[in-house]
Amino acid sequence: MYGWIWRHLPGNAWVKAFLSLMLVVAVVYVLFQYVFPWAEPLLPFNDVTVDNQ
């Protein structure tokens, strides 16, 4: 998959490296801004099994 992306990016190696970095930044941004907040209520991290006595 990474090879396919690398081959389809325009420019020389420096331009491809910069564009690859921008793609990674964009994916991380989308994950933190949209995907993780959407999925957080669906995950069982707040289901605590220890009772306070």
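On a predicted model such as this, the values are computed, not experimentally measured, just so you know.

Draft legend 1. Up close: the overall build of the protein chain. For the protein chain, the helix and strand inventory stands at two helices and zero strands. Its C-alpha atoms give the protein chain a radius of gyration of 19 Å, more than 25% over the compact-globule value 10 Å for 53 residues. For the protein chain, the spread of C-alpha atoms along the three principal axes comes to 65 × 20 × 15 Å. Counting the 53 residues in the protein chain, one finds 6% classified as buried. Of the roughly 5,200 Å² that the protein chain leaves accessible, carbon and sulfur atoms contribute 70%.

Draft legend 2. Here's a closer look at the side chain of lysine 16. Among the secondary structure elements, lysine 16 is positioned in helix H2 (residues 13-39). Despite its burial, lysine 16 pairs with no opposite charge; the closest candidate is glutamate 40, at 40 Å N-O. Among the polar contacts made by the side chain of lysine 16, one reaches the main-chain carbonyl oxygen of tryptophan 6 at a distance of 3.3 Å. In contact with lysine 16, other than residues within four places in its own chain, are Trp6, Arg7, Leu9, Pro10 and Gly11.

Draft legend 3. The arrangement of the UniProt feature "transmembrane region" (unreviewed entry) in the protein chain in detail. Mapped onto this numbering, the UniProt entry annotates "transmembrane region" (unreviewed entry) at residues 12-36. For the annotated span residues 12-36, helix accounts for 96% and strand for 0% of the residues, and the straight-line distance between the end C-alpha atoms is 34 Å.

What counts, and where the lines are drawn
Residues numbered from 1 in each chain as written. Predicted model: local features only at pLDDT ≥ 70, side-chain atom pairs only at ≥ 80, totals over all residues. Heavy atoms only, no water. Helix = DSSP H or I, 4+ residues; strand = E, 2+ residues; numbered from the N terminus. Rg over C-alpha atoms; globule rule 2.2 N^0.38 Å. Buried < 20%, exposed > 50% of the residue type's maximum accessible area, 1.4 Å probe, protein only. Areas by Shrake-Rupley, 256 points an atom, 1.4 Å probe, with all protein chains shown as cover. Lys, Arg positive; Asp, Glu negative; His and termini not counted. Salt bridge = Lys/Arg side-chain N within 4 Å of Asp/Glu carboxyl O. Polar contact = N/O pair within 3.5 Å; in protein donor to acceptor, adjacent residues only side chain to side chain. Contact = heavy atoms within 4.5 Å. UniProt positions renumbered as here; feature names shortened; annotations may be inferred.

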